[in-house]
Amino acid sequence: MISVEDIDVHYGDLQVLWELSLEIREDDSIVAIVGPNGAGKTTLLKTLSGVLRPTTGSIELFGEATHDLSPSDIVQRGFVHVSEKRNLFHDLTVYENLRMGAYTQRDEFDETYEEVTDMFPVLEERRDQKAGTLSGGEQQMLAIGRGLMAHPTVLALDEPSGALAPQLAGRVFEKIDEISEDITIILIEQHVDQALDLSDRVYLLENGRIATEGTGAEMLESDHVRETYLSG
Ligand SMILES: Nc1ncnc2c1ncn2[C@@H]1O[C@H](COP(=O)(O)OP(=O)(O)OP(=O)(O)O)[C@@H](O)[C@H]1O
Ligand SMILES: [Mg+2]
């Protein structure tokens, strides 16, 4: 479904991604991209979303080259990215935020709204509350719910458990697991151990390059992964 081939990505003169290649396949449920702070994980997602452009290499999304597609074209094709900063409209209500998420899919709004609030009942309970007044966990649910409103085929989540207490993070991961029954998830995580638990396949990104990739079991066999990212 997504095929990234040998891309370099720069911010001005600063190169952040180097000859990076990866594949997301139809039968993947959750593919994790893990790596330390500054490795380039968010940059990779921004590039897949069309916000940044590779300076060399190519990206194919659902069989189509993306170099001429705008970020909203890419959403319309079915790739939706929930950013690390969540980017909610804080002065709008929960309902209005969900409505914004559906901007590419206005026809099926009612049905999708029902599916999303079935998955996240708290969003219906807080329907008329301003997004900025939600708790951190609720804001994360809203950000994921808003992403789902666009009917993604692939949903990319940038550190969905970031800044949440462990128990809440666990609830978010349960929801992600549930969503992955229907939708392919790209999960960005700093916590390699959690990513190995949840994902079918994992790419380890270090200094802007793919250092290792494989199934959870294969990653566990790597001395480098064990020594650097897993304690004990
Ligand atoms: N807008 C920008 N302009 C210049 N440099 C940037 C910009 N955004 C990110 N960078 C640099 O690119 C590198 C990769 O950043 P990126 O945000 O992709 O890392 P990350 O893996 O998502 O890290 P984290 O785990 O902290 O979120 C970092 O060195 C960062 O300083
Ligand atoms: Mg990041």
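Fair warning: this is a prediction, and the values are worked out from it, not measured in the lab.

A few words now on the overall build of the protein chain. Looking only at helices and strands, the protein chain features 10 helices and 10 strands. Computed over C-alpha atoms, the radius of gyration of the protein chain comes to 17 Å, within 12% of the 17 Å expected from 2.2 N^0.38 for 232 residues, which places it in the range of a compact globule. With the C-alpha coordinates of the protein chain rotated into their principal frame, the extents come out at 50 × 45 × 35 Å. Taken over 232 residues, the protein chain has a buried fraction of 51%. Contacts spanning at least 24 positions in sequence make up 68% of the contacts within the protein chain whose residues lie at least 6 apart. Carbon and sulfur atoms make up 44% of the accessible area of the protein chain, which amounts to about 11200 Å² in all. Measuring between centres, the 18 positive side-chain charges of the protein chain sit 7 Å from its 44 negative side-chain charges.

Strand order across the open sheet formed by four strands is E2-E1-E4-E5, with antiparallel pairing between neighbours. Two strands close off the open sheet at either side, each with one partner strand: strand E2 (14-24) and strand E5 (64-65). Packing of helix H1 (residues 41-48) onto the sheet brings it into contact with strand E1 (2-11), E2 and strand E4 (56-61), and relative to E1 it is tilted by some 115°.

A few words now on the nonpolar core. Counting 35 residues, the largest nonpolar core has Phe120, Leu148, Leu155 and Ile179 as its most contacted members. Mapped by element, the contributors of at least two residues to this core are strand E6 (79-82), helix H3 (94-101), helix H4 (109-119), helix H6 (136-148), strand E7 (154-158), helix H7 (166-179) and strand E8 (184-189). Setting aside its immediate chain neighbours within four residues, leucine 148 contacts Thr112, Val116, Met119, Phe120, Leu155, Ile179 and Ile183. By size, the runner-up hydrophobic cluster in this structure holds 28 residues, among which are Leu17, Val31, Val154 and Tyr203.

Along the chain, serine 83 turns up in the loop between E6 and H3. Among the polar contacts made by the side chain of serine 83, one reaches the side chain of asparagine 87 at a distance of 3.5 Å.

Two numbers describe how H3 lies on H6: the axes approach to 7 Å, and their chain directions differ by 35°. For the pair H3 and H6, the sense of crossing is right-handed. Taken together, the residues of H6 that come into contact with H3 (itself represented by Val94, Asn97, Leu98 and Gly101) are Leu142, Gly145 and Arg146.

The next point concerns the environment of leucine 69. The topology assignment puts leucine 69 in the loop between E5 and helix H2 (71-77). Residue class for leucine 69 comes out buried when judged on its relative accessible area of 7%. Taking the C-alpha atoms as reference, leucine 69 lies 10.0 Å from valine 51; in sequence the two are 18 residues apart. Discounting residues that sit within four places of it in the chain, leucine 69 has contacts with Arg53, Glu64, Ile74 and Arg77.

This part is about H3. Taken together, the buried positions of H3 are Val94, Asn97, Leu98 and Gly101. Taken around the axis of H3, the buried residues stretch over an arc of 100°, which confines them to a single face. Where H3 is buried, its residues touch H4, helix H5 (121-125) and H6.

Turning our eyes to something else, we now look at the site of ligand 1. Neighbouring residues of ligand 1: 14 residues in total, closest Asn37, Lys41, Thr42, Thr43 and Glu84. Within the contact set of ligand 1, an oxygen atom lies 2.7 Å away from a side-chain nitrogen or oxygen of lysine 41. Side-chain polar atom of threonine 43 to an oxygen atom of ligand 1: 2.5 Å apart, as the coordinates give it. Relative to its unbound accessible surface of 640 Å², ligand 1 loses 62% to contact with the protein. Mapped by element, the contributors of at least two residues to the shell around ligand 1 are E2 and H1. A per-element tally of the shell around ligand 1 places H1 first, with three residues.

Before going further, it helps to examine unusual backbone geometry. Non-glycine residue histidine 151 carries a positive phi angle of around 55°. Mapped onto the secondary structure, histidine 151 falls in the loop between H6 and E7. For glutamate 159, which is not glycine, the phi dihedral falls at a positive 50°. Tracing the backbone shows glutamate 159 in the loop between E7 and H7. On the basis of relative accessibility, which here comes to 14%, the residue glutamate 159 falls in the buried class.

Rules and cut-offs
Residues numbered from 1 in each chain as written. Chains lettered and ligands numbered in written order. Predicted model: local features only at pLDDT ≥ 70, side-chain atom pairs only at ≥ 80, totals over all residues. Heavy atoms only, no water. Helix = DSSP H or I, 4+ residues; strand = E, 2+ residues; numbered from the N terminus. Rg over C-alpha atoms; globule rule 2.2 N^0.38 Å. Buried < 20%, exposed > 50% of the residue type's maximum accessible area, 1.4 Å probe, protein only. Contact = heavy atoms within 4.5 Å. Areas by Shrake-Rupley, 256 points an atom, 1.4 Å probe, with all protein chains shown as cover. Lys, Arg positive; Asp, Glu negative; His and termini not counted. Charge placed at Lys NZ, Arg CZ, Asp CG, Glu CD. Pairing = 2+ DSSP bridges. Axes fitted to C-alpha atoms, helices over the stretch in contact; angles between N-to-C directions. Core = buried A, V, L, I, M, F, W, Y, C linked by side-chain atoms within 4.5 Å. Polar contact = N/O pair within 3.5 Å; in protein donor to acceptor, adjacent residues only side chain to side chain. Left-handed = near helix turned anticlockwise from the far one by under 90°. Arc of directions from axis to C-beta. Near = heavy atom within 4 Å.

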